[in-house]
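# What the coordinates show
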Amino acid sequence: MMKKKSIPASKPFLILFLCQIISALDVPLDSKLLEELSQPPTITHQSPKDYIVDPRENIVIQCEAKGKPPPSFSWTRNGTHFDIDKDAQVTMKPNSGTLVINIMNGGKAEAYEGVYQCTARNERGAAISNNIVIRPSRSPLWTKEKLEPHHVREGDSLVLHCRPPVGLPPPIIFWMDNAFQRLPQSERVSQGLNGDLYFSNVQPEDTREDYICYARFNHTQTIQQKQPISVKVFSMDSLNDTIAANLSDTDIYGAKPVTERQPVLLTPTGSTSTKVELRGNVLLLECIAAGLPTPVIRWIKEGGELPSNRTFFENFKKTLKIIDVSEADSGNYKCIARNTLGSVHHVISVTVKAAPYWITAPRNLVLSPGEDGTLICRANGNPKPSISWLANGVPIAIAPEDPSRKVDGDTIIFSHVQERSSAVYQCNASNEYGYLLANAFVNVLAEPPRILTPANKLYQVIADSPALLDCAYFGSPKPEIEWFKGVKGSILRGNEYVFHDNGTLEIPVAQKDSTGTYTCVARNELGKIQNEVHLEIKDPTMIIKQPEYKVVQRYGQVSFECIIKHDSTLLPTVIWLKDNDELPDDERFLVGKDNLTIMNVTDKDDGTYTCIVNTTLDSVSASAVLTVVAAPPTPAIIYARPNPPFDLELTGQLERSIELSWIPGDENNSPITHFVIEYEDGLHEPGVWHYQTEVPGTQTTVQLKLSPYVNYSFRVVAVNKIGRSQPSEPSEQYLTKSASPDENPANVQGIGSEPDNLVITWESLKGFQSNGPGLQYKVSWRQKDVDDEWTSVIVANVSKYIVSGTPTFVPYEIKVQALNDLGYAPEPSEVIGHSGEDLPMVAPGNVQVHVINSTLAKVHWDPVPLKTVRGHLQGYKVYYWKVQSLSRRSRRHVEKKILTFRGNKTFGMLPGLEPYSSYKLNVRVVNGKGEGPASPDKVFKTPEGVPSSPSYLKITNPTLDSLTLEWGSPTHPNGVLTSYILKFQPINNTHELGPLVEIRIPANESSLILKNLNYSTRYKFYFNAQTSVGSGSQITEEAVTIMDEAGILHPAVVAGKAMASRQVDIATQGWFIGLMCAVALLILILLIVCFIRRNKGGKYPVKEKEDAHADPEIQPMKEDDGTFGEYSDAEDHKPLKKGSRTPSDRTVKKEDSDDSLVDYGEGVNGQFNEDGSFIGQYSGKKEKEPAEGNESSEAPSPVNAMNSFV
């Protein structure tokens, strides 16, 4: 049984083998599969069946095909092999089956008339093209004939015969005068389908000597002209005057007056006729009648209705047009010509036949060995078409036998196929009106499963919405798909999941617990493969406070709120609309973060206002209505918009100008400031009004410039301070004469979309810019700096032309010239374009790396030769990644970084490197098509740097004379740790610092017990790590030893020597309490004096100390040569801050910023990012190195002084 292949809609890169229809021609094939899988040939492009060529230009017969291996091509002509090698005028394009027949160098197009067919063949089969009938176009001259003048009596009918020469294809007929102006047509005078000019009745104004029939042959761009025909109409008054001049007064004379006549059909003749038309074509039926008054034509279908959506009336209802006819349109159509004297009718019996058309076209089959399948070819037509099969271009009856194949009419049945069963089959459906030919291949493959969805793809979905997780796959036999959640999850089953044939897993209602990793497993008898994707569920966006209905007085102010709640990981955007359109461009509308405010409200602000909130995943909206009401009535003059102008008149008609005048309407108490003149082009854009010009309000006439070939109507709008009036009634129409174009297309460009083509584009002229009918473009090109002639082609009114078969990325000179039926535009200017780019061919060489410091390196490379770039050089990309840390010797997930250097640069800086690490890099050249091959990976290493601070420092187990210190190694050692440095010093009751003790600790230690400390004493600790480069950042901590309640003196460490003494607790002594009170009073007096001095412009003493002891770390970095600077800690002996407290858990705590005014001048950590810019972090302050000795810091505040008492 045939295995169906499914295509996930989200994967445009799936290959043709995943489907059974040939529509995959527009889908790019997966490159990896193409390298491994064979494919029979498929015709991708061919010339039309009936191919009429210009005999003056080279004949190009298209035949393009694809397959694996690439197919070879051959041709037949008139049923026999066409040996192109024996004809010097015929060449075949490389890697293509397209033939080019050189006519421009002496060949004759007539010699190559015939029926051509292309065959594309590889080891898997052969595909064939349609029979392509080549015929050169013909535009023969008019046969010479002597045309007698037509003398017609007023009121009689008249037919002027055109009888154009027979051309290929048939010409387009039109009637013009000597001034190349189209003759006006009406219900009375019109052109028939055969090109003749019919007069239902002639009038004196029909007299003229230049009725000229023109035949335009589009393929050869030529127009043939018939000799002018003269028509003389005799009126009854002039005939009576002639008779009276030749008779005596006694004679009785007088011609009969113009008599009215009932209708008579001029075409078709008789009462009935027949017509046969093909299905899908346009049915044209025509009835033209003579009579006076002019008859009116009406059409009916006997026994039925005319199809309402496909029926059109043309040529003043003399022609009935039905598009896309079908067998149901067969029947009798009656035309009725009627005037006041009677009527006449004609019945046309229409029969609709049909060339073959597809019901089921054969579709490609991809089967596994041993599988079954069918090819079905069903077509219909009138008469019923016959079906015939071919295998690899040979009638199946004489094709090599295949035991797995059985032909049953319009079906081929395949049973238990083998790899040798691969072939291309052709189905031919034909009847007397045409044929259909379709290629469909059977490709027998045995392939293990492949998953084409990218690995680790992330899907983000709003909660309570469907989630679709793709698992695009390929395999033969068709793999079975299973889904798992989590690393060791069980297979997903149940109603909460939907499993699609294309491998997609659907979660109809995704919840928060749906978040996670999902694994797709594809297996068949040849193997198994799996792929992981990730799903994140986001909170929905909501409007928690919606805009509300508002009523506001004119000239007031109003505000709408729109407060939202959204997922923290999504960035919302808020848009306000008025009446489902953008807000007016008016400064009165103020859009805030969560509101819209309208100032000075006017009547035109009345309407519905909508708040729309969009994220990348969802969108919500809410609306409210604003009603503007009038302010309380006050006696005032009523101002209003002016009334529309009227009585428009056109005078002074010229080819390129005309004068328009009008009468203004009522001003309504507000003077008219200006008039706006608009025009309508009834020929090209009926019903669309365009701005023409404007004039001051005191002016009521204007001279307007006109363009050729435009049917103008004008209208005028009056404007005052209140607003615009309604437009006036349109003026009468004025049709300007045609002319050749005045200008050429703008914005001409030549940019290749493929390596072997040049896409020439331009901006098409607007309708009125064409200046006449038959707008076309002459596209010319030639390769720059090569002595080539211009190659030109004339195309229809389009804006693009593709030149195929060009060399890769070469400059071309391009020009595009407009032309119409009356001639060419001025010679266009030339522009330079380039054919398509291809990927660069070579990688940069001689890649060298110079390591500048532990975080910065400089890379050099040699530029690639420009000729190997094969495109516009955009620059070079450097890919670099960390292989491993030399200190930890552990690999991690490789995260590649990319730096792009624009232009032809040959060096660049690599910032942000990690010290003491091993890196790799490579360099690639980039053009507009993409990246070239990578250079060989270059390995380099960064030197050691200073380590980061230890990850933590804890002080535990305080006793009378000891403390235990524990620490963690630095997060970033940046090298090999050599040791830890511990410094500590006591702090007395007046916050003075005692002697500093330094201890060096081996790098493999993580704790230390300090003994022989003073009891009830606060200590400050400074701790950092060292590498061979230097010391890293330090962390600090404070701790207190336990106080002995009995007051016994314990051993203490002073300057490294132990001593014993008995000490009295002075904090309980009366003299000490009195002294402290005196100090507090003195400090209060000093603060009052400082406050008075500051109000008089003086400085705090602490400010003076700050100025005298500036922090050396907060100094601008020296800028050397523009490279990235390194940040290093300098030794700083600032005094300890006052009043710092030890946290309860004894962990490191950042200093608070309320100790003293000194804090405002220090404590900002300076860092430089990768581009050398400064980053200030104000939330935490870095401790400085302790001061040696017992230097006193600035005076503490009273609060901190009290807090320091133990």
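Everything numeric here is computed off the predicted structure, so don't read it as measured data.

### Concerning the overall build of the protein
- If you tally the helices and strands in the protein, you get 6 helices and 89 strands.
- With 1206 residues in all, the protein has 42% of them scored as buried.

### Looking at the sheet that holds strand β39 (residues 457-462)
- Spatially, β39-β46-β45-β42 is the arrangement adopted by the 4 strands of the open sheet, whose pairing is mixed. Because the sheet does not close on itself, it has two edges, and the strands there are β39 and β42 (480-485). Direction aside, neighbouring strands of the sheet carry axes that sit 30° apart on average.
- Sheet topology note: the β42/strand β45 (residues 516-524) ladder contains 6 bridges and is antiparallel. Counted as the bridge partner of E482 is V521 from β45.

### Quick word on unusual backbone geometry
- With omega at -10°, the peptide bond leading from L168 into P169 counts as cis.
- Positionally, P169 belongs in the loop between β13 (158-160) and β14 (172-176).
- For the peptide bond that leads from N382 to P383, omega is 5°, which places it in the cis range.
- Along the chain, P383 falls in the loop between β31 (378-382) and β32 (386-391).
- The phi angle at N600 is positive, at roughly 50°, despite the residue not being glycine.
- Structurally, the position occupied by N600 is in the loop between β54 (595-598) and β55 (607-614).
- N600 gets classed as partly exposed once you look at its relative accessible area, which sits at 41%.

### Details of a negative patch on the surface
- Among the surface-exposed residues, D647, E649, E659 and E732 lie close enough to one another that they form a single negatively charged patch.
- With respect to the element layout, E649 can be found in strand β57 (residues 646-651).

### Section: the packing of aromatic side chains
- This structure, assessed with the given rule, holds 21 aromatic pairs.
- Here W861 and Y876 contribute two aromatic rings whose centre-to-centre distance is 5.5 Å and whose plane-to-plane angle is 50°, an arrangement assigned as tilted. You can see W861 sitting in strand β73 (residues 856-862) and its partner Y876 sitting in strand β74 (residues 873-885), a full 15 residues away along the chain.
- With relative accessibility at 0%, the residue Y876 sits in the buried group.
- Put simply, the rings of F174, F180 and Y214 pair up and form one aromatic cluster.
- Taking NZ or CZ as reference, K550 lies 5.6 Å from the ring centre of F560, over its face.

### Some remarks on the nonpolar core
- Core analysis: the largest hydrophobic core is formed by 29 residues, its most contacted members being I59, I61, W75, I101, Y116 and I134.
- Per-element accounting of this core gives the leading share, 3 residues, to strand β9 (residues 114-122).

### Here's the deal with the sheet that holds strand β36 (residues 423-431)
- Taken together, 5 strands build an open sheet; the order of strands is β29-β37-β36-β32-β33 and the sheet is mixed. Every other strand in the sheet has two partners, leaving β29 (365-367) and β33 (394-395) as the edge strands with one partner each.
- Across 9 bridges, β36 lies against strand β37 (residues 434-444) in antiparallel orientation. The partner of S430 across the bridge, within β37, is Y435.

### Side note on the pairing of strand β26 (residues 319-322)
- Where strand β22 (residues 283-286) meets β26, 4 bridges bridge the pair, whose relative direction is antiparallel. In the sheet register, L283 faces β26, and the bridge partner there is I322.
- Taking the residues that link successive antiparallel strands as the turn, the strand β25 (residues 311-314)-β26 hairpin has 4 residues, and the phi of N315 there is positive, at about 55°.

### Re the state of the cysteines
- Scanning the model with the defined rule gives 6 disulfides in all.
- Linked covalently through their sulfurs, C162 and C213 form a disulfide whose S-S length is 1.9 Å. Its S-S torsion of about -65° marks the bond between C162 and C213 as left-handed, since a negative value means left-handed. You can see C162 sitting in the loop between β13 and β14 and its partner C213 sitting in strand β17 (residues 208-217), a full 51 residues away along the chain.
- Judged by its relative accessible area of 0%, C162 falls in the buried class.
- Since its relative accessible area comes to 1%, C213 is described here as buried.
- Across the disulfide from C377 sits C427; the S-S distance is 1.6 Å.

### Section: the environment of C471
- In this structure, C471 sits in the loop between β40 (467-469) and β41 (473-476).
- For the pair formed by C471 and Q530, sequence separation is 59 residues and the distance between their alpha carbons is 9.4 Å.
- When residues no more than four places from it in sequence are discounted, the contact partners of C471 are I451, T453, I481, W483, N502, G503, T504 and C520.

### Overview of the side chain of Q817
- You can see Q817 is positioned in strand β69 (residues 811-820).
- Polar contacts involving the side chain of Q817 include one to the main-chain carbonyl oxygen of A825, which spans 2.7 Å.
- If near-sequence neighbours (up to four positions away) are discounted, Q817 is found in contact with N744, Q776, Y777, K778, Y824, A825, P826, E827 and P828.

### Some details on the pattern of salt bridges
- Evaluation of the coordinates by the stated rule reveals 38 salt bridges.
- Note that D579 and K578 form a salt bridge whose closest N and O atoms lie 3.1 Å from each other.
- By relative accessible area, which is 41% here, D579 ends up partly exposed.
- Overall, K578 belongs to the buried group, its relative accessible area being 11%.
- A salt bridge links D605 to R588; the shortest N-O distance between them is 2.8 Å. Separated by 17 residues along the polypeptide, D605 in the loop between β54 and β55 and R588 in the loop between β52 (581-582) and β53 (589-591) bring together distant segments of the chain.
- Among the residues examined, R588 registers a relative accessible area of 13% and is labelled buried.

### Section: a nonpolar patch on the surface
- Among the surface-exposed residues, L1081, L1084, I1085, I1088, V1089, F1091 and I1092 lie close enough to one another that they form a single nonpolar patch of about 660 Å² accessible area.
- Structurally, the position occupied by L1081 is in helix α4 (residues 1070-1095).

### Section: the pairing of strand β72 (residues 845-853)
- Summarising the sheet, β72 and β73 pair through 6 bridges and their orientation is antiparallel. Across the sheet, the residue bridging to V849 is V859, located in β73.
- With antiparallel pairing between neighbouring strands as the criterion, β72 and β73 make up a hairpin whose turn holds 2 residues.

### Here we look at the environment of F217
- Tracing the backbone shows F217 in strand β17.
- In this structure, the C-alpha to C-alpha distance between F217 and R138, residues 79 residues apart in sequence, is 8.1 Å.
- In this view, F217 contacts R138, S139, P140, P165, G167, P169, P171, T222 and Q224; residues no more than four positions away in its chain are not counted.

### Comments concerning the confidence of the model for the protein
- Mean pLDDT over the protein works out to 83, with 83% of the residues at or above the 70 mark.
- Counting interchain partners and residues more than four positions distant, the pLDDT-below-50 stretch residues 1045-1064 has 32 contacts.
- Across residues 1097-1206, confidence stays below pLDDT 50; counting only partners more than four residues off in sequence or on other chains, it has 180 contacts.

### Section: the environment of P947
- Within the element layout of this structure, P947 appears in the loop between β78 (938-941) and β79 (950-956).
- Accessibility expressed as a relative area gives 3% for P947, which makes it buried.
- The spacing of P947 and S1033 is 86 residues in sequence and 7.3 Å in space, taken between C-alpha atoms.
- Once residues within four sequence positions are removed from consideration, P947 is found in contact with P970, H972, P973, N974, L977, A1025, Q1026, T1027, G1030, S1031, G1032 and S1033.

About the thresholds
- Residues numbered from 1 in each chain as written.
- Predicted model: local features only at pLDDT ≥ 70, side-chain atom pairs only at ≥ 80, totals over all residues.
- Heavy atoms only, no water.
- Helix = DSSP H or I, 4+ residues; strand = E, 2+ residues; numbered from the N terminus.
- Buried < 20%, exposed > 50% of the residue type's maximum accessible area, 1.4 Å probe, protein only.
- Pairing = 2+ DSSP bridges.
- Axes fitted to C-alpha atoms, helices over the stretch in contact; angles between N-to-C directions.
- Patch = residues over 30% accessible without salt bridge, like charges linked within 9 Å, V, L, I, M, F, W, Y side chains within 5 Å.
- Areas by Shrake-Rupley, 256 points an atom, 1.4 Å probe, with all protein chains shown as cover.
- Salt bridge = Lys/Arg side-chain N within 4 Å of Asp/Glu carboxyl O.
- Lys, Arg positive; Asp, Glu negative; His and termini not counted.
- Charge placed at Lys NZ, Arg CZ, Asp CG, Glu CD.
- Phe/Tyr/Trp six-rings, centres within 6.5 Å; stacked < 30°, edge-to-face > 60°.
- Lys NZ or Arg CZ within 6 Å of the ring centre and 35° of its normal.
- Core = buried A, V, L, I, M, F, W, Y, C linked by side-chain atoms within 4.5 Å.
- Disulfide = S-S within 2.5 Å.
- Contact = heavy atoms within 4.5 Å.
- Polar contact = N/O pair within 3.5 Å; in protein donor to acceptor, adjacent residues only side chain to side chain.
- pLDDT = per-residue confidence, 0-100.

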